[in-house]
Amino acid sequence: GGKDVELPSAGQLVYPLSKILEAVLEPNRFIMIVADDLQWADKSSLSLISEVLVNVGGVKYISRQCLFVGSYRHNEINDNHPFSIQYSYLQMSRYVNTTEIKLSSLSRNDIVDIIMSELQLPRRRVAELADAVYKKTSGHALYVIELLNALSNESIIVYSSQEHSFTWDPDRIDFIQTTENVAELIASNLKSMSANSLFCLQVLSCFGIQTDIPLIQVLEKFQEGLMSSLKEFIDKGILDRAGSIVIF
């Protein structure tokens, strides 16, 4: 049998990764690196990120050309968490400038503004609907969007040709139970799909948070149904499309 290949440690990757970033940034290029859910990252990975950022930040002519954006859930982090330790290390470093942005939940007024914009109705008309959405989602941005999509997909919010505006049934909205398990809205979208559509979604998820339409068209030759399933995913709010880009 073949011999096991020994993988490099995180410490061994610091230097080569730093040099790769320096080489990419040298021709006056700008890079933004985004890492999500850092509360789940292990100590070695967080240390690797920190050391690379400090190394790149120490090179004066490229230090302002690299932006690293990391997101985490503050309620899953304490002072002894590896992320807290590495973040403190970056804050103390003279080679890295740090900025912390705390994102709070949407307020009732925020939701009113969203619904006003989407339905093209005055504030007084959407206030009651916005209040119901806020109560059922606690202002969580993802859940607000999923709930509004569900209300539209289930024809609870509909366009009335007689009134020339969108209308809805408050009683049906109150009947939807989402206070404690709003995430089931997303799961219910998946449960209603065919096995082939779910497999197509798994294929698309292998490419990360976004992929290109031309690439999906190429994949269609090997997995039939990708392009036809794409519209279903977008209609259900599972995917978004921006030009030729499809985004989770």
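### Overview of the overall build of the protein
Per the secondary structure count, the protein includes 11 helices and seven strands. Of the accessible surface of the protein, which amounts to about 16600 Å², a share of 53% is contributed by carbon and sulfur atoms.

### Looking at a nonpolar patch on the surface
A surface patch of nonpolar side chains, about 370 Å² in accessible area, is lined by Met32, Val34, Leu67 and Val69. Looking at the nonpolar patch, the elements that each hand over two or more residues are β1 (31-35) and β2 (66-70). By the secondary structure assignment, leucine 67 is in strand β2.

### A short note on the sheet that holds strand β7 (residues 245-247)
With antiparallel pairing, three strands are arranged side by side in an open sheet as β5-β7-β6. On the outer flanks of this sheet lie β5 (210-212) and β6 (240-242), each paired with one strand and no other. With strand direction ignored, the average angle separating the axes of adjacent strands in the sheet is 25 degrees. When β6 meets β7, the two strands line up antiparallel, connected through three bridges. Bridged to arginine 241 within β7 is valine 246.

### Remarks on the nonpolar core
Membership of the largest hydrophobic core comes to 18 residues, with the highest contact counts inside it found for Ile115, Leu119, Leu129, Val133, Leu151, Trp168 and Ile173. Breaking this core down by element, the ones donating at least two residues are α4 (108-119), α5 (123-137) and α6 (141-153). In terms of residue count, the dominant contributor to this core is α5 (five residues). Leaving out residues up to four positions away in the same chain, leucine 119 has contacts with Leu129, Ile157, Phe166 and Trp168. If you look at the next biggest cluster of nonpolar residues, it comprises 14 residues, including Cys200, Val203, Ile213 and Leu230.

### Quick notes on the packing of aromatic side chains
Inspection of the entire model under this criterion finds three aromatic pairs. Summarising the aromatic geometry, the rings of tyrosine 72 and phenylalanine 83 are spaced 4.3 Å apart at their centres and angled 45 degrees between planes, so their arrangement reads as tilted. Pair noted here: tyrosine 72 is in the loop between β2 and α3 (82-92) and phenylalanine 83 is in helix α3, with a separation of 11 residues, a long-range link. The exposure class of tyrosine 72 is partly exposed, given its relative accessible area of 30%. When the centroid spacing of 5.8 Å and the interplanar angle of 5 degrees are considered together, the rings of phenylalanine 83 and tyrosine 87 count as stacked.

Rules used in this analysis
- Residues numbered from 1 in each chain as written.
- Predicted model: local features only at pLDDT ≥ 70, side-chain atom pairs only at ≥ 80, totals over all residues.
- Heavy atoms only, no water.
- Helix = DSSP H or I, 4+ residues; strand = E, 2+ residues; numbered from the N terminus.
- Areas by Shrake-Rupley, 256 points an atom, 1.4 Å probe, with all protein chains shown as cover.
- Patch = residues over 30% accessible without salt bridge, like charges linked within 9 Å, V, L, I, M, F, W, Y side chains within 5 Å.
- Salt bridge = Lys/Arg side-chain N within 4 Å of Asp/Glu carboxyl O.
- Pairing = 2+ DSSP bridges.
- Axes fitted to C-alpha atoms, helices over the stretch in contact; angles between N-to-C directions.
- Core = buried A, V, L, I, M, F, W, Y, C linked by side-chain atoms within 4.5 Å.
- Buried < 20%, exposed > 50% of the residue type's maximum accessible area, 1.4 Å probe, protein only.
- Contact = heavy atoms within 4.5 Å.
- Phe/Tyr/Trp six-rings, centres within 6.5 Å; stacked < 30°, edge-to-face > 60°.

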